[in-house]
Structure formats: structure tokens, C-alpha cells
Amino acid sequence: MTDASLCAERLTLGYDGRTVATELSVAIPDGGFTAIVGPNACGKSTLLRALARMLAPRAGRVLLDGVEIRQRPTKEVARRLGLLPQTATAPDGIVVADLVARGRHPYQRLLRQWSQEDERAVREAMRRTGVDDLAGRPVDELSGGQRQRVWLAMALAQETSLLLLDEPTTFLDIAHQLEVLELCADLHAAGRTLVAVLHDLNHACRYATHLVAMRDGAIVAQGAPADIVDAELVAAVFGLNCLVVPCPATGAPMVVPCDRRGASVLVEDPVA
Amino acid sequence: MSAVHAVRLGGGVALVVRPRAIAVGAVLVVAGAALAVAAVGTGEITLSPAEVVRALVGAGDPGTTFVVRDLRLPRVVCAVLAGVALGVSGAVFQALTRNPLGSPDIVGFQQGAAVGALVVITMLEGTGRAVSAGALAGGGLVAAAVYLLAREGGRTSGYRLILIGIAFAFLMTALTEYLLARARVEDAQEGLRWLFGSLNGRTWEDVAPLALGLAVLLPCAVPAGRALRALELGDDAAHGLGVRVERARVGLVALAVGLVSVSTVAVGPIAFVALTAPQIARRLTRAPAPPLVCSALTGAVLVLAADVAAQRVVPETPVPVGVMTGALGGLYLAWLLTISWRSGHA
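Residues numbered from 1 in each chain as written. Chains lettered and ligands numbered in written order. Predicted model: local features only at pLDDT ≥ 70, side-chain atom pairs only at ≥ 80, totals over all residues. Heavy atoms only, no water.

What about the overall build of chain B?
Turning to step 1, where the next piece is worked out: Tallying secondary structure elements over chain B gives 14 helices and 4 strands in all.
Turning to step 2, where the next piece is worked out: Here chain B has a C-alpha radius of gyration of 21 Å; the compact-globule value for 346 residues is 20 Å, and the two agree.
Turning to step 3, where the next piece is worked out: Structurally, chain B occupies a C-alpha span of about 60 × 55 × 45 Å along its principal axes.
Turning to step 4, where the next piece is worked out: Looking at the 346 residues of chain B, the share that counts as buried comes to 54%.
Turning to step 5, where the next piece is worked out: For chain B, restricting intrachain contacts to residue pairs at least 6 apart in sequence, the fraction spanning at least 24 positions comes to 70%.
Turning to step 6, where the next piece is worked out: As displayed, chain B offers around 15300 Å² of accessible surface, 68% of which is attributable to carbon and sulfur atoms. (Helix = DSSP H or I, 4+ residues; strand = E, 2+ residues; numbered from the N terminus. Rg over C-alpha atoms; globule rule 2.2 N^0.38 Å. Buried < 20%, exposed > 50% of the residue type's maximum accessible area, 1.4 Å probe, protein only. Contact = heavy atoms within 4.5 Å. Areas by Shrake-Rupley, 256 points an atom, 1.4 Å probe, with all protein chains shown as cover.)

As C-alpha cells, this is what we get:
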């Protein structure tokens, strides 16, 4: 197994009186692109929240660099681990550069609010995400895809080697979903460790290097997509009857749902 | 073009500034100074601006100097400081709740202070310091109750805070009316005088606690502003940026309540300034959220303008400043909302 700076040991997670997940143990491979997948309400976002120290586990612990994450100063963690939440809201009329600059918060102090380093990081983040042309535009005038790239830029400006993304493609159309995922793949290729909650299993198989498949608050399987994704796993995780074939474009496992009306299966055994 | 405008001072100090905010701030300072001179010149003896300035710098005749420095200046200083306190308090609260209605004068703190003061005036026959203590206790209790009730599973949503706060405001208003109704006529009159919020007869003794309160609380507004810039993005995003969200929120509520309390103790509940000043400042500076410094300056200008107007409009019977801020602030807010609805930026 590869090194894992971020890992969870036997987590029990829940909100208020309700337990959402028990006995979760995951290791996020350093330098990998990990996707957490599973049906709605399976606890995947909850797991991400715990990994991002936003939710205190009922039991078990989350370790970052071998130290329990909630024991470390939160500002120090913020320079190590960035987060793109699902619920971020842009203040009315804020312009792109201003929003991206907020990502520098963990580096700023009362009297040193802006350094050359901050300037460089913000420019770099905007260039990487292709929003440098939008720098002076109000965020609320942008399209959904552009807006998501701006939020990614903010998370990038935080300059963390670990980046956690909670459903970064939700509410985007297919082209923009792929645009965001391509961007994630670029960031991964440039050496960042990514963890993303994704809805679409095919996207996860195509872009991620490591999958964590969950159902009903438990982990069903984890490993490289090519190693773990087959019809059996999809049936176990999503309760879906399907074929798993190699993607014609990338060769990654691709899920093709069976025809529920009982039409003949055209490909008998595509993997063979 | 730089992504952010920063002023670099020596020793690694660099402050983020907005050029427009500086221009607006400068205009507000000039307007405030002009209003202050006008306010000092207003009263039974009318003084020209030149006479006022001469007396202020110590070059006037002893009589005028006494009127200016000892009789009228404390009133103006009180107005400025109360305006600053209300402006910052409103800005912090509105930014925290992400809602212009999340103002201390809407969510029950001022109403709570009023009940506290009235209990002391009408039931305990107290005066002076005791009334102030009552107001502080009333405002503080309501703030704590609203905050605790708005908490849900260790988090507080701005929306819940506003709704629960408005409920408390109604409750406190009802209590205020009950206390006034059952009080002796003289006590009720005294209570009403307090309720309107007035700058009449303020002396340097009234200025001192207000100035002291601000000297303690305003420096806290600097880190508060930083935390707010992260919290504006949502709790989760702020968390990701390394902000202890709930701790920051408790601190911000305490700061806003503290500011509105010192102002209320000094001049009574001046209506509408905490609600209006941040909104005016935000539109003037075109900032994404209520800016703290410009809200403070706008608050000072509003209270000063209201006080000058209150004394000048009907010179024979000056109205309390609180009535005037209510009227002026309300009109301006209505106008602003109409304008922004028409242009589709509500």
C-alpha cells in the first residue's frame, strides 16, 4: 500500500441523534485522485466532512500526517488541506479576483493582510483554472461552470497539497461536469492529492485512481477502479443490474445499465 | 492590475484596501465634520461656524467657549460615538446573518434593553446608573436567549437567529407597553423619554463610559472583520479556510451586542441606525458585504444629521433624536430598496 497522509480509523459518524456511518476506515493514497461513490444518503459527504475536520467523529479518529486532525490548529490544517464545499455562497456582487483572494485567509495575519506571495498564489490559481480573464467580473454574473472554476481557484489559492471536493460536478451540465473533472485531473497530474465525492460512477472510473464505494454508511470496497468495479460491485452498491465494459475512449471500466424491460443483451460477455 | 489593492507599510505590514472605500470614507469624514460644526452652532444661541471653530481651538471669548466646549460638544461627541457603535454593530450583525434585517434593533436587543431600563425606572424607582445597568442586563439577556434558541446541533443559522430575534422583539415590545401601562404617570413619562433615545443634556460624564466602551470594543472589530470575510462564504467554506466557525460567531455576537449596549446605555435606543448605516455604506462603497469602517462613519453622520434636524425642524419643540433617525433612516431605506428593485438588484 502507498503512503497515506490522510486516513480515517474506525469512524462512527452522525448528526444530532442519528448515526449515519459506523466502522469507516479509509486511507487516502498520497498523490492519488480518490473518488468517494455510492447512492444518495450513503454517508459519502459525511465521510468527506469528517476527513475535512468539519464533523467530529463519535468514535474513531482522522489522522493527518499521523496526528489527530482535530488536535492540530485549524489554521495550520488549512495550509495543508483545502476544501471545496457544496454550500459555498458568494457575497453579492463580489468580483472573481476578490473571491479567489479569500483563499489566502490561512496565510494572512492582522497586519500582514497581503503579501507578494499571496498575489502570486492568486494569479497562479486563476491561471490554472482559466478564470484570469474573468478577474474583474462579479461572480453572480457567471455561468455555473465558470462559477465552479472560480471556487476551485479559491481552494487552489490556499496552496494545499490535499484538496477535498464535495460533489464538485453537481448542478452542472455534462460538458461543464467534464470540464471540472478535467481540471481536477490536471491538478492531480501536477502532484496534488485529491478526494472528491462524485455522483457519476463512470466519471469516477474515468478520472479517479482510487475509489471508495459506500452503501448504507459502510464501505463496500476500495481500490483502483479497474480492480474493483464489476457488475457485482455495482449491484452491491447501487442495486443496479448492469454490464461493465471497457470505455471505448479510455479503457476504464464503464457501467452500462441493463434494459429493465428485458430486451436481449447485445453483448454477451464484453470483457472476455 | 493587481488582484487586490494593498497598502504596503514598512516592517511587512500590508493592509488590504479598496480605493472606493477610502474615497467614500473621506467624504463621510468631511460631511461628519461639517454636521458637527452645524450641531454645535445650533441651540438657544445660534453660533456661526467660524465662532464654533474659534471656540474649539481655544481662540473664542470665554462665554462662547463655555457654551461650545462644555454644553454642546459633549452632545455632539455622544452622537458621533453612538453612531459609530451602532454602525459597526449593525454591520457585524448583518454580515454574520447575511441579511440586512439581521440588525440589533430588529432582532430584539434594543427592545430587551428597553424592558431592562423600564423595569428599573417603573418598578425599582431607579435612576441614572441603575437604569443603564437595567438596560445592559435586558439587552444581554435577550441576546443570550436568542443565540441559545437559534443554536441547532452546535450550529447557528442566520435565518433562525433573525426569526427568533424578531419574535423576541415583539415579546419585548409587548412587555414595554405593559410596563408603561401599569406604571405611575411620572414614571411612565420618564420611561418614554428614555425610550425615544435622546441626546438632550449630555455631559462629558455621559461621554466617558461610551468612549471607554468603544476603546475596548472597536479594536476587536479588526479581527472580527477578518473572520467575517471568511464566514460570508458559508460555514463550510470558512471552516476550510481555517476559521473556528462557532467560536468566531459567539465572539462576533458578543462584539455586536456590546457595541449596541454601550450606545443604548449612553443615549437610549436610537432606532434604525444599526439597520440603515451598513446598508447605505455598502451601497456607497459597492462592497460585497457591509464594510465596517464606512458603516461606522455612516452611523456617525446619520446620528449627527438626525440630531441637527431634530433640533432645527421645529426649534420650539425639539423632537428626540431617536424619532428623527427612525423617520430619516426609514425613508432612506425605503428609497434605496425601491431603487434597487427597479434596477433588479434587490
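Structure's up, so let's keep going.
Thoughts on the overall build of chain A
Turning to step 1, where the next piece is worked out: A count of helices and strands for chain A gives 9 helices and 12 strands.
Turning to step 2, where the next piece is worked out: Relative to the 2.2 N^0.38 estimate, which gives 19 Å for 272 residues, the radius of gyration of chain A is 20 Å and therefore close to what a compact globule would have.
Turning to step 3, where the next piece is worked out: A principal-axis box enclosing the C-alpha atoms of chain A has dimensions of 70 × 45 × 35 Å.
Turning to step 4, where the next piece is worked out: Looking at chain A as a whole, 53% of its 272 residues qualify as buried.
Turning to step 5, where the next piece is worked out: Here the analysis covers contacts within chain A between residues at least 6 apart in sequence; of these, 64% occur between residues at least 24 apart.
Turning to step 6, where the next piece is worked out: Accessible surface, chain A as shown: approximately 12000 Å² in total, 50% of it carbon and sulfur.
Turning to step 7, where the next piece is worked out: Each charge sign in chain A was given a centre, from 28 positive and 33 negative side chains, and these centres are 7 Å apart. (Lys, Arg positive; Asp, Glu negative; His and termini not counted. Charge placed at Lys NZ, Arg CZ, Asp CG, Glu CD.)

A few points about the interface of chain A and chain B
Turning to step 1, where the next piece is worked out: Taken residue by residue, the interface counts 41 residues in chain A and 33 residues in chain B.
Turning to step 2, where the next piece is worked out: Buried area between chain A and chain B, summed over both chains or domains, comes out near 3100 Å², and the portion from carbon and sulfur atoms is 54%.
Turning to step 3, where the next piece is worked out: Taken as a group, Arg 102, His 105 and Trp 114 of chain A account for 21% of the area that chain A buries against chain B, more than any other trio of residues on that side.
Turning to step 4, where the next piece is worked out: The tally of links from chain A across to chain B stands at 2 salt bridges.
Turning to step 5, where the next piece is worked out: Close ionic contact of Asp 236 of chain B with Arg 49 of chain A constitutes a salt bridge, the shortest N to O distance being 2.9 Å. (Buried area = accessible area lost by both parts, 1.4 Å probe. Salt bridge = Lys/Arg side-chain N within 4 Å of Asp/Glu carboxyl O.)

With respect to the sheet that holds strand β7 (residues 162–166) of chain A
Hydrogen bonds along the backbone pair up the strands of a sheet, which may run parallel or antiparallel.
Residues and elements named next belong to chain A.
Turning to step 1, where the next piece is worked out: Taking strand neighbours across the sheet as the criterion, the 6 strands line up as β6-β7-β8-β3-β9-β10 in an open arrangement whose pairing is mixed. The open sheet terminates on both sides in strands that have one partner only, identified here as β6 (81–84) and β10 (218–223). Geometrically, the sheet is characterised by an average inter-axis angle of 15° between neighbouring strands, direction not taken into account. (Pairing = 2+ DSSP bridges. Axes fitted to C-alpha atoms, helices over the stretch in contact; angles between N-to-C directions.)

Overview of the state of the cysteines
All names here are of chain A.
Turning to step 1, where the next piece is worked out: Under the criterion given, the structure shown has 0 disulfides over all chains.
Turning to step 2, where the next piece is worked out: This cysteine, Cys 205, is not joined by any disulfide, and Cys 247 carries the nearest cysteine sulfur, 9.7 Å off.
Turning to step 3, where the next piece is worked out: The exposure class assigned to Cys 205 is buried, which follows from its relative accessible area of 3%. (Disulfide = S-S within 2.5 Å.)

Some words on the sheet that holds strand β1 (residues 6–15) of chain A
Residues and elements named next belong to chain A.
Turning to step 1, where the next piece is worked out: Reading across the sheet, the 4 strands line up as β2-β1-β4-β5 and stay open at both edges, with antiparallel pairing between neighbours. Two strands bound the open sheet, and with one partner strand each, they are β2 (18–28) and β5 (67–68).
Turning to step 2, where the next piece is worked out: Packing against the sheet, helix α1 (residues 44–51) makes contact with β1, β2 and β4 (59–64), and its axis sits at approximately 120° to β1.

Examining the confidence of the model for chain B
Turning to step 1, where the next piece is worked out: Looking at chain B as a whole, the pLDDT averages 84, with 92% of positions reaching at least 70.
Turning to step 2, where the next piece is worked out: Reported confidences for the modelled complex are a pTM of 0.85 and an ipTM of 0.86. (pLDDT = per-residue confidence, 0-100.)

Here we look at the pairing of β2 of chain A
Residues and elements named next belong to chain A.
Turning to step 1, where the next piece is worked out: Here β1 pairs with β2 via 7 bridges, running antiparallel. By the bridge assignment for β2, Gly 14 is matched with Thr 19.
Turning to step 2, where the next piece is worked out: Linkage of β1 to β2, two consecutive antiparallel strands, is achieved through a turn of 2 residues, within which Asp 16 is found at a positive phi near 45°.

Considering the packing of aromatic side chains
Turning to step 1, where the next piece is worked out: Scanning all chains against the criterion turns up 1 aromatic pair over all chains.
Turning to step 2, where the next piece is worked out: Note on Phe 93 of chain B and Phe 109 of chain B: the rings are 5.3 Å apart at their centroids and 70° apart in plane angle, and the pair reads as edge-to-face. Taken together, the positions of Phe 93 of chain B in helix α3 (residues 62–97) and Phe 109 of chain B in helix α4 (residues 109–123) put the pair 16 residues apart, joining distant regions of the chain. For the pair formed by Phe 93 of chain B and Phe 109 of chain B, the shared burial category is buried.
Turning to step 3, where the next piece is worked out: The ring of Tyr 107 of chain A carries Arg 79 of chain A above its face, with NZ or CZ at 5.9 Å from the centroid.
Turning to step 4, where the next piece is worked out: In this structure, Arg 104 of chain A is placed above the aromatic ring of Tyr 107 of chain A, and the distance from its NZ or CZ to the ring centre is 4.1 Å. (Phe/Tyr/Trp six-rings, centres within 6.5 Å; stacked < 30°, edge-to-face > 60°. Lys NZ or Arg CZ within 6 Å of the ring centre and 35° of its normal.)

Focus on the pattern of salt bridges
Turning to step 1, where the next piece is worked out: The full count for this structure, using the stated rule, is 24 salt bridges over all chains.
Turning to step 2, where the next piece is worked out: In this structure, the salt-bridge partner of Arg 120 of chain A is Glu 117 of chain A, at a minimum N-O distance of 2.6 Å. Highlighted residues: Arg 120 of chain A and Glu 117 of chain A, both in helix α4 (residues 116–128), separated by 3 residues, approximately one helical turn.
Turning to step 3, where the next piece is worked out: Exposure remark for Arg 120 of chain A: the relative accessible area of 38% places this residue in the partly exposed category.
Turning to step 4, where the next piece is worked out: Residue Glu 117 of chain A is classed as partly exposed on the basis of its relative accessible area of 40%.
Turning to step 5, where the next piece is worked out: With a closest N to O distance of 2.9 Å, Glu 186 of chain B and Arg 184 of chain B form a salt bridge.
Turning to step 6, where the next piece is worked out: The class for Arg 184 of chain B is partly exposed, based on a relative accessible area of 45%.
Turning to step 7, where the next piece is worked out: By sharing partners, the salt bridges in this structure join Arg 104, Glu 117, Asp 118, Arg 120 and Glu 159 of chain A into a single network.

Considerations on the environment of Ile 36 of chain A
All names here are of chain A.
Turning to step 1, where the next piece is worked out: Assignment of secondary structure puts Ile 36 in strand β3 (residues 33–37).
Turning to step 2, where the next piece is worked out: In the structure, Ile 36 is positioned 186 residues away from Gln 222 in sequence and 9.1 Å away in space, judged by C-alpha atoms.
Turning to step 3, where the next piece is worked out: When neighbours within four sequence positions are excluded, Ile 36 is seen to be in contact with Lys 44, Leu 47, Leu 48, Val 195, Ala 196, Val 197, Leu 198, Val 212 and Met 214.

Here we look at helix α11 (residues 245–267) of chain B
An α-helical turn contains 3.6 residues, so any two residues separated by three or four positions project in the same direction.
All names here are of chain B.
Turning to step 1, where the next piece is worked out: Taking 1.5 Å of rise per residue, the 23 residues of α11 would be expected to cover 33 Å, and the 33 Å separating its terminal C-alpha atoms lies within 8% of that figure.
Turning to step 2, where the next piece is worked out: Extensive coverage of α11 is indicated by the burial of 18 of its 23 residues.
Turning to step 3, where the next piece is worked out: Of the residues flanking the end of α11, it is Gly 268, one or two places downstream, whose phi is positive at about 80°. (Expected span 1.5 Å × (residues − 1).)

Here we look at the environment of Gln 279 of chain B
Residue and element names in this part refer to chain B.
Turning to step 1, where the next piece is worked out: Mapping Gln 279 onto the fold places it in helix α12 (residues 273–285).
Turning to step 2, where the next piece is worked out: C-alpha of Gln 279 to C-alpha of Pro 291: the two residues are 12 residues apart in sequence and 9.2 Å apart in space.
Turning to step 3, where the next piece is worked out: In terms of polar contacts, Gln 279 uses its side chain to reach the side chain of Gln 94, at 2.7 Å. (Polar contact = N/O pair within 3.5 Å; in protein donor to acceptor, adjacent residues only side chain to side chain.)

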